[in-house]
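Fold and geometry: a report
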Amino acid sequence: MSAAKVKMRQKKLINQPASVQFVSSGSRQTNGGSGEGPSNDNSPSTRKTSSDFKSAWVRGHQKDGGVYLDKLPHHINVETFATARAAEVNAMLNAVTKTTSTCHVSGAIPRHMRRRAMSHNTKRLPWRLREMANKMREKSLQGSSKKKEPTKRMSRRARRRHGNMLLEFNRRQRKNVWLETHIWHAKRFHMVKKWGYCLGNRPTLKCYRPSYRAMTTHCLLQDLSYYCCLELQGEEEKLLNCLSQLTSKETGPTFAQKLCMSGRRQGSVVLYKAGCFPSQPLGPVTFLWRPRTPGSAHRQLWTWVHPALKQDVLAQFQSVCQCEAVVPPPVPLIMETDISTASSQPEPDKNCGINQKAGSKRKQSRKDASGPPVKKILGDGTRAPGTPVTWKSGSTGILINDLTMEIVRYRLIGPQSHSVLADALEAATDCDQMSKSRPSFFWWPNHCKEESKMKLHQQQADIFHILKGIYSSAELPPGTVLGLTVDDPRLNIPKKKVTALPCVREAQEVDDQKRIEVSLRGVPEHCCQSFLWEESVRNNVLENKISEQDLNQMKSEVLVPGSRLRPTPLQGRVPILLVHQPGKQGGNEMNSWGGGWDLLVPKGWGMAFWIPLVYRGVRIGGLKMSVTHSQNKGVPHFPHDFPDCPAGDRFQEEQESELLEKFKRRPPAKRTNYIKNGCLAPFCCPWQQLAEEWDVIENDGEERKGDAWAESTLQGDAAMQSEIMSRPQVPVSSPPTHFTVLRNSKSLRLLSSWCRPTSSKGQRLHYPREMSPLDTTGRMMFQTTHGMSLVWVRLSLLAKGKPDLHAAVCMLTADDMKLLKKGPAVSGPQEPPHSDPLKSTIKSKKKASDKTENTPTSDQASRMLEESVSSSSSGDFVLGVWPNPLPKITSHCSRVTLGWVTQADFSLSAGCGEALGFVSVTGLIHALMRQPLEHRGMVLLRNPTSLHYRFAKINIEV
């Protein structure tokens, strides 16, 4: 009998009573079946072979050719037969009526009729099984008090109605706000929840190299609307006096830079707490001044800050400007039952150009007293609904407005970003005389009535036309600003996706002298003005935007299908701002790489500009590509690379917890033992302890060589075990000084010259202007000023290899320098394996616990040990990771530690592994003083999961 047949037979006999037995041999049955009375089965007359008969319970063709017996028994035992049949009937009734844990009502339905919805909707079951299913459902609900009756959900047709979809759109943003392009991103990106927003992290398809090629040869598009805009209004002198307390000229240009004050350039600056420079930094911000109005001292300033930085910067603005909150009027929350009301009377000229087509549906033109709810976002990801958005000072007269989510900001990165903008956007067309003569509800016809404004618009349109003749966006001055009013970009969408490239014919037609003037001097000051600064214009454009339904209806009435809509609707003019973003400015390689344009449009017009840009062949990037963009430019990325800022400190804590949880999810046998690798902090960078240790080393006056000092500080296994118990801490001064990042431009140039700057492509040296030499006097003066500071560095590997996150930057010894003389491609040294004293301590305690009378299990012993270790340390104990507090960092390994890496990857631009991170200023000078001139600036790099050191070159780009 085959296995399938045996399984089927066992399934049929699962409820068979024990009193019923079936045999496969013999003519006598003891279960009440056929038989001839009692007899001896072993007698020769009754003994038969298996070939004489076959059991009636065996299915299928028999291999030996036997057949079933047709002979009936002569007589039966009635009592035995009736008892057996009664037991079978009872077993059958029990199998039908009794439901076991493995039996369900849906099991009574054939497989082809079963549906998943039957488990929660009994009406999908046949009527004969509904009563039994309802009883089982009530029984399960009564047994568990936590389970509740599920609420009745609307049908899919009802859920897909426009009004209900908008209500659902508003409801799902109560915790994490959506950008205007959220739906587009959610279908194509992996979404993450950060800083109160739901943002696209990376696409679902593989696009790392295509995105890099787009940034190098064409264009990459990103949505930066989650950045917060803080507006300051007031007199120019008072604004500069207040903002000067948050900046310093030592770090570079401030808010008072001449070109930025005129409104022709966008600036950037690092803010500090009022009067606390160089300590207590807040973070980087970009700012933009509105061009001056003749005869008025009133100025308007926009500052763009990261959402993780907004609250810190806003508090400092309120403090230095002495502003108090203006209580806003109460705003009702949007609930599922809220319905927005529309005016019963249409506005004048509001539906101009939209004619009702004969025979069209009444629903398209119906004007009821109540309409569907609208997409509305109350608050943003950085504040709760109902909180103040305006602050005003009675003494200085300065006004602060929170314009977060009021302006949509797109970033186009790449040399052809200007070609994409020139192809997707067209300068606004003038209105006819009839539209100018009559009063209009829209802002553009009223604007066209003034000849001076139209003359300015024509000059802006001419400059925008010049951009079509520029080959690359790197030809323009960094930070150039251009104001413009454009037609609705939805009117110019191509039928298929195209690749926007510079137009050669139009480039030849443009005057070369004008193009050269724009490339050298930038945009004139009067052409930087834009009506996007006006709140009334932004509201007018938002309220009168043409819906997609009306726009499609107007396009369907065009005589030639697919042609541009003429004339342009009066409400189809939008004010925008174009801000040039500079590319790579530090170093001597790949200058201006990663430059592009920022497009600023009013809120509500996000998708109207997004889709036309996508149809020009751009590549879309997310948060992950922003980090890659910063890596290739060699600039710090906020908040990853700002450890001395509050936002950077919070980011490091979150990153440490995420990496630790990911490490714990792996099986213990598959985890990396970082203690054996000599890595003290694989998930974070203890910058404060590093700066304090180097400050103590320098103050003690240790002048030993780097290799001898490192060898004298090596510890054996016994010393390491004693160190775990004692945990000596580095003595620090009272009160302790917090570390800072060196941002002084003059000091950075001096330190960069001492490191002998090189190009990562082939490590070619380039010689900067003459600086003071690195001697004892210069070293003492530098360390006195920047003793507790860290410096941002770029590290390029000399040979193959890929650095990882939190890789250690170490100092070379004398043997390493001899090894380096053999050639740059030589393999680096090896770190000797460390012992794990924590693991040996656990084993010894386990053996000790096994010898006690009440011997606990190994899991209990390890749990007891973990509790004892965690109680003596500040953090949780994890096998393979050093618990806090950490031992001495600088001398823990055979090479002295200088710092760590915060960003690392294989650089497609340089063709080698590159890393970005921080090193101690004191430690770096300590290493440079002990290196010969030909090896000046060389360090060792070691990943947390490896014992192999690799040679790298430090570059400090200013």
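See the structure printed just above.
When we look at a pair of aromatic rings, we describe it by the centre distance and by the angle of the planes. For the coordinates displayed, the defined rule picks out 20 aromatic pairs. Ring geometry for Trp443 against Phe531: centres 5.6 Å apart, planes inclined by 50°, an arrangement best described as tilted. Of this pair, Trp443 sits in helix H13 (residues 443–448) while Phe531 sits in the loop between helix H16 (512–521) and helix H17 (535–543), and the two are 88 residues apart along the sequence. Accessibility expressed as a relative area gives 24% for Phe531, which makes it partly exposed. Ring geometry for Trp687 and Trp900: centres 5.5 Å apart, planes at 70°, overall edge-to-face. Note that Trp687 is positioned in helix H22 (residues 687–699) and Trp900 in strand S24 (residues 897–907), a separation of 213 residues in sequence. Pair check on accessibility: Trp687 and Trp900 agree, each one buried. Following the ring pairs from residue to residue traces out a cluster consisting of Trp687, Trp792, Trp900 and Phe918. Seen from the ring of Trp605, Lys545 lies directly overhead, with NZ or CZ sitting 5.5 Å from the centre. Lying across the ring of Tyr949, Arg895 places its NZ or CZ 5.4 Å from the centre.

Looking now at the nonpolar core. By size, the foremost hydrophobic cluster in this structure holds 66 residues, and its most contacted members are Leu751, Val791, Leu795, Leu924 and Ile956. Per-element accounting of this core gives the leading share, six residues, to strand S22 (residues 789–797). Once residues lying within four places of it in the same chain are set aside, the contact partners of Val791 are Leu748, Leu751, Gly917, Phe918, Val919, Val921, Leu924 and Ile956. Formed by 62 residues, the second largest nonpolar core is a distinct cluster that contains Val420, Val523, Leu578 and Leu599.

Moving on, we come to a nonpolar patch on the surface. A cluster of nonpolar side chains, namely Val89, Met92, Leu93 and Val96, defines an oily patch on the protein surface of about 390 Å² accessible area. Note that Val96 resides in helix H2 (residues 78–97).

We now examine the sheet that holds strand S11 (residues 324–325). Strand order in the open sheet formed by seven strands is S8-S9-S10-S7-S13-S12-S11, and the pairing between neighbours is antiparallel. On the outer flanks of this sheet lie strand S8 (267–272) and S11, each paired with one strand and no other. Sheet topology note: the strand S12 (residues 390–392)/strand S13 (residues 399–402) ladder contains three bridges and is antiparallel. Across the sheet, Trp391 pairs through a bridge with Ile400, a residue of S13.

It is worth spelling out a negative patch on the surface at this point. There is a patch of like negative charges on the surface, built from Asp649, Glu653, Glu654 and Glu658. Relative to the elements of secondary structure, Asp649 occurs in helix H21 (residues 646–665).

How each quantity is defined
- Residues numbered from 1 in each chain as written.
- Predicted model: local features only at pLDDT ≥ 70, side-chain atom pairs only at ≥ 80, totals over all residues.
- Heavy atoms only, no water.
- Phe/Tyr/Trp six-rings, centres within 6.5 Å; stacked < 30°, edge-to-face > 60°.
- Helix = DSSP H or I, 4+ residues; strand = E, 2+ residues; numbered from the N terminus.
- Buried < 20%, exposed > 50% of the residue type's maximum accessible area, 1.4 Å probe, protein only.
- Lys NZ or Arg CZ within 6 Å of the ring centre and 35° of its normal.
- Core = buried A, V, L, I, M, F, W, Y, C linked by side-chain atoms within 4.5 Å.
- Contact = heavy atoms within 4.5 Å.
- Patch = residues over 30% accessible without salt bridge, like charges linked within 9 Å, V, L, I, M, F, W, Y side chains within 5 Å.
- Areas by Shrake-Rupley, 256 points an atom, 1.4 Å probe, with all protein chains shown as cover.
- Salt bridge = Lys/Arg side-chain N within 4 Å of Asp/Glu carboxyl O.
- Pairing = 2+ DSSP bridges.
- Lys, Arg positive; Asp, Glu negative; His and termini not counted.
- Charge placed at Lys NZ, Arg CZ, Asp CG, Glu CD.

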